[in-house]
Amino acid sequence: KALVEVDDPQKQTLHTFLHSHGLLVLKPFLDDQNVNCIADISQIDFEQLMEATDYDQELLSKVDLLHSLQEETNEVTWDRLAKDTLREQHLLFLSHFKQEAGTEAALMRTEIELQLKSEGGGDLYEHFNTPTFLDSEDLADLAELEWKVSQSHNLILLLTNSVLRRPWVLVELVTAFRCG
């Protein structure tokens, strides 16, 4: 069937999707379930849809195809969501007392990231926007600091003479402990 003119852009997108997959025959059944756009496909009651087709074999094969496409879309969406979530996390959080080990922490960060890039950790390195977070960078308040620690997979504490007397370092350690 040729594409028909549809006023609503979301309905046109659904119509185009159904047409491109040879599923236009299901449109009346989808209308009965108030499926008006592609996003609504995730809400389809497939058992009800199969019943509505009177178990016609040709229609059931179309329903199966639509169900497979819906599941595939969900997997891709969850995979993308998982990757996006990981990108905002950190592999390492470097905790230190800036006056005693600020330079060392910056050098360690550089070396760690070089090692991750060069020695087989490239795949792991590429999953994070900021693989190694240095606690003296871009922090505006205590809540943000706790968030950054909670979004880190590992915490490295540079032990210097006064590091355990620093309130922010103590908050980092307690947050890391609480987050596991």
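A brief look at the structure comes next. (Residues numbered from 1 in each chain as written. Predicted model: local features only at pLDDT ≥ 70, side-chain atom pairs only at ≥ 80, totals over all residues. Heavy atoms only, no water.)

1. Notes on the overall build of the chain
Right, on to step 1. Scanning the chain for helices and strands turns up eight helices and three strands.
Right, on to step 2. Listed N to C, the secondary structure of the chain is α-α-α-α-β-α-α-β-α-β-α in terms of helices and strands.
Right, on to step 3. The long-range fraction of contacts in the chain, counting pairs at least 24 apart against all pairs at least 6 apart in sequence, stands at 61%.
Right, on to step 4. Summed over all atoms, the accessible surface of the chain reaches about 11600 Å², with 51% contributed by carbon and sulfur. (Helix = DSSP H or I, 4+ residues; strand = E, 2+ residues; numbered from the N terminus. Contact = heavy atoms within 4.5 Å. Areas by Shrake-Rupley, 256 points an atom, 1.4 Å probe, with all protein chains shown as cover.)

2. With respect to the nonpolar core
Right, on to step 1. In terms of nonpolar packing, the biggest core is built from 17 residues, with Leu 18, Leu 26, Leu 30, Ile 41, Ile 44, Leu 49 and Leu 66 touching the most fellow members.
Right, on to step 2. Counting residues per element, the ones that place at least two in this core are helix H1 (9-20), helix H2 (27-32), helix H3 (46-52) and helix H4 (57-87).
Right, on to step 3. It is H4 that provides the largest number of residues to this core, a total of four residues.
Right, on to step 4. Ignoring any residue separated from it by four or fewer positions in sequence, one finds Leu 26 in contact with Leu 59, Lys 62, Val 63 and Leu 66. (Core = buried A, V, L, I, M, F, W, Y, C linked by side-chain atoms within 4.5 Å. Buried < 20%, exposed > 50% of the residue type's maximum accessible area, 1.4 Å probe, protein only.)

3. Quick notes on the sheet that holds strand E3 (residues 152-157)
Right, on to step 1. Taken in spatial order, the three strands line up as E2-E1-E3 in an open sheet, and their pairing is parallel. Every other strand in the sheet has two partners, leaving strand E2 (132-134) and E3 as the edge strands with one partner each. Strand-to-strand twist across the sheet, computed as the mean angle between neighbouring axes with direction ignored, equals 25°.
Right, on to step 2. Of the strand pairs in this sheet, strand E1 (residues 90-95) and E2 are connected by three bridges, and their pairing is parallel. Bridged to Leu 94 within E2 is Leu 134.
Right, on to step 3. On the sheet, helix H5 (residues 98-118) packs against E1, E2 and E3 and is oriented at approximately 170° with respect to E2.
Right, on to step 4. The strands that helix H8 (residues 167-179) touches are E1 and E3; relative to E3, the one it contacts most, it runs at about 140°. (Pairing = 2+ DSSP bridges. Axes fitted to C-alpha atoms, helices over the stretch in contact; angles between N-to-C directions.)

4. Let's talk about the packing of helix H7 (residues 142-150) against H8
Right, on to step 1. Interaxial distance between H7 and H8 falls to 9 Å at its minimum, and their mutual angle equals 45°. The angle between H7 and H8 falls in the class oblique. In this structure, H7 crosses over H8, and the sense of that crossing is right-handed. Mapping the contact onto sequence places Leu 142, Leu 145, Glu 146, Val 149 and Ser 150 in H7 and Trp 168, Val 171, Glu 172, Thr 175, Ala 176 and Cys 179 in H8. (Parallel < 35°, antiparallel > 145°, perpendicular 65-115°, else oblique. Left-handed = near helix turned anticlockwise from the far one by under 90°.)

5. Section: the side chain of Thr 53
Right, on to step 1. Note on placement: Thr 53 falls in the loop between H3 and H4.
Right, on to step 2. For Thr 53, a relative accessible area of 3% corresponds to the buried category.
Right, on to step 3. Those residues in contact with Thr 53, other than ones at most four positions away along the chain, are Phe 29, Leu 59, Leu 60 and Val 63.

6. Details of a nonpolar patch on the surface
Right, on to step 1. On the surface, Leu 159, Leu 164 and Leu 170 cluster together to form a nonpolar patch covering roughly 300 Å² of accessible area.
Right, on to step 2. Here Leu 170 shows up in helix H8. (Patch = residues over 30% accessible without salt bridge, like charges linked within 9 Å, V, L, I, M, F, W, Y side chains within 5 Å. Salt bridge = Lys/Arg side-chain N within 4 Å of Asp/Glu carboxyl O.)

7. Focus: the packing of aromatic side chains
Right, on to step 1. One pass over the full model with this rule turns up one aromatic pair.
Right, on to step 2. With 5.5 Å between their ring centres and 25° between their planes, Phe 93 and Phe 133 make a pair best called stacked. Here Phe 93 is found in strand E1, whereas its partner Phe 133 is found in strand E2, with 40 residues between them in sequence. Per residue, the accessibility class of Phe 93 equals that of Phe 133, and both read buried. (Phe/Tyr/Trp six-rings, centres within 6.5 Å; stacked < 30°, edge-to-face > 60°.)

8. Details of H5
Right, on to step 1. Given a rise of 1.5 Å per residue, 21 residues ought to cover 30 Å, and the 28 Å separating the end C-alpha atoms of H5 matches this to within 8%.
Right, on to step 2. By the largest-angle criterion, Glu 104 marks the main kink of H5, which is about 30°.
Right, on to step 3. Taken together, the buried positions of H5 are occupied by Ala 101, Gly 102, Ala 105, Arg 109, Ile 112, Glu 113 and Leu 116. (Expected span 1.5 Å × (residues − 1). Bend = angle between axes of the 7 residues up to and from the residue.)

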